[in-house]
Amino acid sequence: MPLVATATLFLSDLHLTPERPGAAASFRRFLNQKAPRADALYLLGDLFEAWVGDDDLALPFHAGIAAALKQLAQSGVPLYFLPGNRDFLAGPDLARAAGLALLKDPTRIDLYGSPTLLAHGDAWCTDDAQYQAFRAQVRDPGWRSEFLAKPLAERHALAAALRCRSEQAKAGKRPEIMDVNPEAIAEAFRRHAVSRIIHGHTHRPAHHRLNVDGRPCDRWVLPDWYGDSGGYLACDASGCRAEKLATDVLATDVWQ
Ligand code: MN
């Protein structure tokens, strides 16, 4: 009998929304076909296009995703969610409904003996001062409780307006402004004493081999799941490899 290789899987930036059913269908197939054999599954933010509070579970689309995750968790695969800039309002009700553990951004883990730092990635885009000011504002506990006190429909409308404003602002920014800052990354490697960082957010999937103070370090950037793209990172004791969503996963509709 062949050995079944297992790995820990990392995903981010699926931006799941009822408006893009293709990505949700791919994710369900991934959960059904790939994830059950994983040692653990880490979702590193922007799982949802928008999450305006845990009462967002009232949306059947959201409840369906949470139920699919819970089914995986109940089958014995540990699930972790480190929220991103689109779903930072994820809280304990979502965690319960989806059977996952919420992680702080950033979180340091021991990955098969290699200290590894996990983050969404937006906090390291320090060249974008306008975005960082916005990020600080919406992560303020006062802003958070004031926002969460508004009716769900009003929060959805506000979030849509914010996304629209963000898209307009992005159109006027040079692309490099919206990438992570190299010094912020070097500082993260130093401060957290890791040799590997895994993050998403920038939608610039890559494996960057770096040298920080004479130490070889790896920065893995996860792909987004827009359009027909999508993928994940699989890590085991021998290292990490970027996996594209296999054609069979995208094409075979085994999930009903
Ligand atoms: Mn993001």
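Procedures and definitions
Residues numbered from 1 in each chain as written. Predicted model: local features only at pLDDT ≥ 70, side-chain atom pairs only at ≥ 80, totals over all residues. Heavy atoms only, no water. Axes fitted to C-alpha atoms, helices over the stretch in contact; angles between N-to-C directions. Helix = DSSP H or I, 4+ residues; strand = E, 2+ residues; numbered from the N terminus. Parallel < 35°, antiparallel > 145°, perpendicular 65-115°, else oblique. Left-handed = near helix turned anticlockwise from the far one by under 90°. Contact = heavy atoms within 4.5 Å. Nonpolar A, V, L, I, M, F, W, Y, C, P; charged D, E, K, R; others polar. Salt bridge = Lys/Arg side-chain N within 4 Å of Asp/Glu carboxyl O. Buried < 20%, exposed > 50% of the residue type's maximum accessible area, 1.4 Å probe, protein only. pLDDT = per-residue confidence, 0-100. Pairing = 2+ DSSP bridges. Disulfide = S-S within 2.5 Å.

## Quick word on the packing of helix 1 (residues 21–33) against helix 2 (residues 60–74)
Stage number 1. Where helix 1 contacts helix 2, the two axes come as close as 10 Å, and the packing angle between them is 15°. One way to sum up the angle between helix 1 and helix 2 is to call them roughly parallel. For helix 1 against helix 2, the interelement crossing comes out left-handed. Note on element contacts: helix 2 touches helix 1 through Phe61, Gly64, Ile65, Ala68, Leu69 and Leu72, opposite Ala24, Phe27, Arg28 and Leu31.
Stage number 2. Taken together, the residues of the contact of helix 1 with helix 2 break down into 8 nonpolar, 1 polar and 1 charged.

## Examining the pattern of salt bridges
Stage number 1. Counting across every chain of the model gives 17 salt bridges.
Stage number 2. Between aspartate 105 and arginine 135 there is a salt bridge, and its shortest N-O distance comes to 4.0 Å. Here aspartate 105 is found in the loop between strand 4 (101–102) and strand 5 (107–111), whereas its partner arginine 135 is found in helix 4 (residues 129–138), with 30 residues between them in sequence.
Stage number 3. Look at aspartate 105 and you get partly exposed, because its relative accessible area is 27%.
Stage number 4. Among the residues examined, arginine 135 registers a relative accessible area of 15% and is labelled buried.
Stage number 5. A salt bridge links aspartate 122 to arginine 135; the shortest N-O distance between them is 2.8 Å.

## Topic: the confidence of the model for the protein
Stage number 1. In the predicted model, the protein carries a mean pLDDT of 92, and 93% of its residues have values of at least 70.
Stage number 2. For the stretch residues 251–256, pLDDT sits under 50, and the model shows 11 contacts to residues farther than four places along the chain or on other chains.

## Comments concerning the pairing of strand 5
Stage number 1. Of the two faces of strand 5, the one lined by Thr107, Ile109 and Leu111 is fully buried and the one lined by Arg108 and Asp110 carries no buried residue.
Stage number 2. Pairing between strand 5 and strand 6 (residues 114–118): 5 bridges, direction antiparallel. Counted as the bridge partner of arginine 108 is leucine 117 from strand 6.
Stage number 3. Counted along the chain from strand 5 to the antiparallel partner strand 6, the turn is 2 residues long, and its residue tyrosine 112 has a positive phi close to 50°.

## Observations concerning the state of the cysteines
Stage number 1. Scanning the entire structure with this criterion turns up 1 disulfide.
Stage number 2. A sulfur-sulfur separation of 2.2 Å characterises the disulfide bridge that pairs cysteine 235 with cysteine 240. In this structure the cystine formed by cysteine 235 and cysteine 240 twists about its S-S bond by roughly 105°; its chirality is therefore right-handed. No difference in accessibility class separates cysteine 235 from cysteine 240, as the two residues are buried.
Stage number 3. Cysteine 125 carries a free sulfur, and the closest cysteine sulfur to it, the one in cysteine 217, is 19 Å from it.

## Structural notes on the sheet that holds strand 1 (residues 8–11)
Stage number 1. Strand order in this open sheet of 6 strands is 4-3-2-1-10-11, and the pairing throughout is mixed. Both outer strands of the open sheet, strand 4 and strand 11 (239–244), are each paired with one neighbouring strand and no more.
Stage number 2. In terms of strand pairing, strand 1 meets strand 10 (residues 231–236) through 3 bridges, oriented antiparallel. In the strand pairing of strand 10, leucine 9 is matched with alanine 234.

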